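An overview of the molecular structure
So you can see what is in the structure, the chains are spelled out below.
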Amino acid sequence: MMKILTTAMMTSISEVMETMFFLPVEFGEEPISIQSGMDEYKPVMACELKFSGDFSGGFTLVTPKDLLFEITENFMGESRENLEEEHLLGTLTEILNMICGNALSKIESKTPFKLEIPKVIDESKISKTQKFTMIETSQSLMAICITTD
């Protein structure tokens, strides 16, 4: 099931990032720990979204703050000086909501998946053993992780 979910997630990320945020992406080869993959891009912002249905789990997204400023500027049509932390957090959670919803819609299930509300989390609380798929953009990296219960 994890392979199907990972494939759906990668397809969803490409669709959402290119269509909604005009940001083409490529994916890293092997999942890695967030600490080794994102250290040079700090500060970063992170959020998670839990889901349930035929199986349960969650998605965690980590994005450098500079990249999130750029994405938010494009998404909202506002310049950086007009953006506040609230705008960045709204964009971050909306990106994850769109990715997760799109990915789960691609998976056949007997029970419809239910999404919780995306929550901003402290990146330092992410387990060092949790493995993330790196998402390469033309300007920076993002990272995403799927967990299942």
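Above: the structure in question.
Residues numbered from 1 in each chain as written. Predicted model: local features only at pLDDT ≥ 70, side-chain atom pairs only at ≥ 80, totals over all residues. Heavy atoms only, no water.

1. A look at the overall build of the chain
The cut-off we apply is this: A run of DSSP states H or I qualifies as a helix once it reaches four residues; a run of E qualifies as a strand once it reaches two. Both are numbered from the N-terminal end. Just to be clear, the radius of gyration here is over C-alpha atoms, and the globule rule we use is 2.2 Å times residues to the power 0.38. Three exposure classes are used, based on accessible area relative to the maximum for each residue type with a 1.4 Å probe and protein chains only: buried under 20%, partly exposed in between, and exposed over 50%. By definition in these notes, contact holds between two residues if any of their heavy atoms fall within 4.5 Å. Under the convention used here, a 1.4 Å probe and the Shrake-Rupley method define accessible areas, while residue burial counts only the protein chains that appear. Note that His is not counted, nor are the chain ends; the positive residues are Lys and Arg, and the negative ones are Asp and Glu. Taken as the charge centre is NZ of Lys, CZ of Arg, CG of Asp or CD of Glu, depending on the residue.
If you tally the helices and strands in the chain, you get 4 helices and 8 strands. Helices and strands appear in the chain in the N-to-C order α-β-β-α-β-β-α-α-β-β-β-β. For the chain, whose C-alpha radius of gyration is 15 Å, the value lies close to the compact-globule estimate of 15 Å for 149 residues. By its C-alpha atoms, the chain is 45 × 30 × 25 Å across when sized along the principal axes. Going through the 149 residues of the chain one by one, you find that 45% of them count as buried. Taking as baseline every contact in the chain between residues at least 6 positions apart, the subset at least 24 positions apart corresponds to 71%. Surface summary for the chain: the accessible area is close to 7900 Å², and the carbon and sulfur share equals 50%. Taking the average place of the 12 positive charges on the side chains of the chain and the average place of its 24 negative ones, the gap between the two points comes to 9 Å.

2. Quick notes on the packing of aromatic side chains
What counts, and what does not: In summary, the pairing rule links any two rings of Phe, Tyr or Trp, Trp by its six-membered ring, whose centres are within 6.5 Å, and it sorts them by plane angle into stacked for under 30 degrees, edge-to-face for over 60 and tilted for everything else.
All chains considered together, the criterion is met by 5 aromatic pairs. Aromatic side chains F51 and F55 sit 5.8 Å apart centroid to centroid with 85 degrees between the ring planes, which places their arrangement in the edge-to-face category. Looking at F55, the relative accessible area reads 15%, which means it is buried. Aromatic side chains F51 and F113 sit 5.9 Å apart centroid to centroid with 75 degrees between the ring planes, which places their arrangement in the edge-to-face category. One end of the pair, F51, is in strand β3 (residues 44–52); the other, F113, is in the loop between α4 (85–105) and β5 (114–115), and 62 residues separate them in sequence. Taken individually, F51 and F113 each receive the classification buried, so the pair is uniform in this respect. Joined through ring pairs, the aromatic side chains of F51, F55, F59 and F113 make up one cluster.

3. Thoughts on the environment of T129
In this fold, T129 is placed in the loop between β6 (119–121) and β7 (131–136). In this structure T129 comes out as exposed when scored by relative accessible area, which is 63%. Distance from T129 to T147, taken between C-alpha atoms, is 12 Å for residues 18 residues apart in sequence.

4. Here we look at the pattern of salt bridges
Under the convention used in this document: Take a side-chain nitrogen of Lys or Arg and a carboxyl oxygen of Asp or Glu: if they are within 4 Å of each other, that pair is a salt bridge.
Scanning the model with the defined rule gives 4 salt bridges in all. Linking E85 and K65 is a salt bridge whose minimum nitrogen-to-oxygen distance equals 3.1 Å. Taken together, the positions of E85 in helix α4 and K65 in helix α3 (residues 65–76) put the pair 20 residues apart, joining distant regions of the chain. The class of K65 is partly exposed, set by a relative accessible area of 23%.

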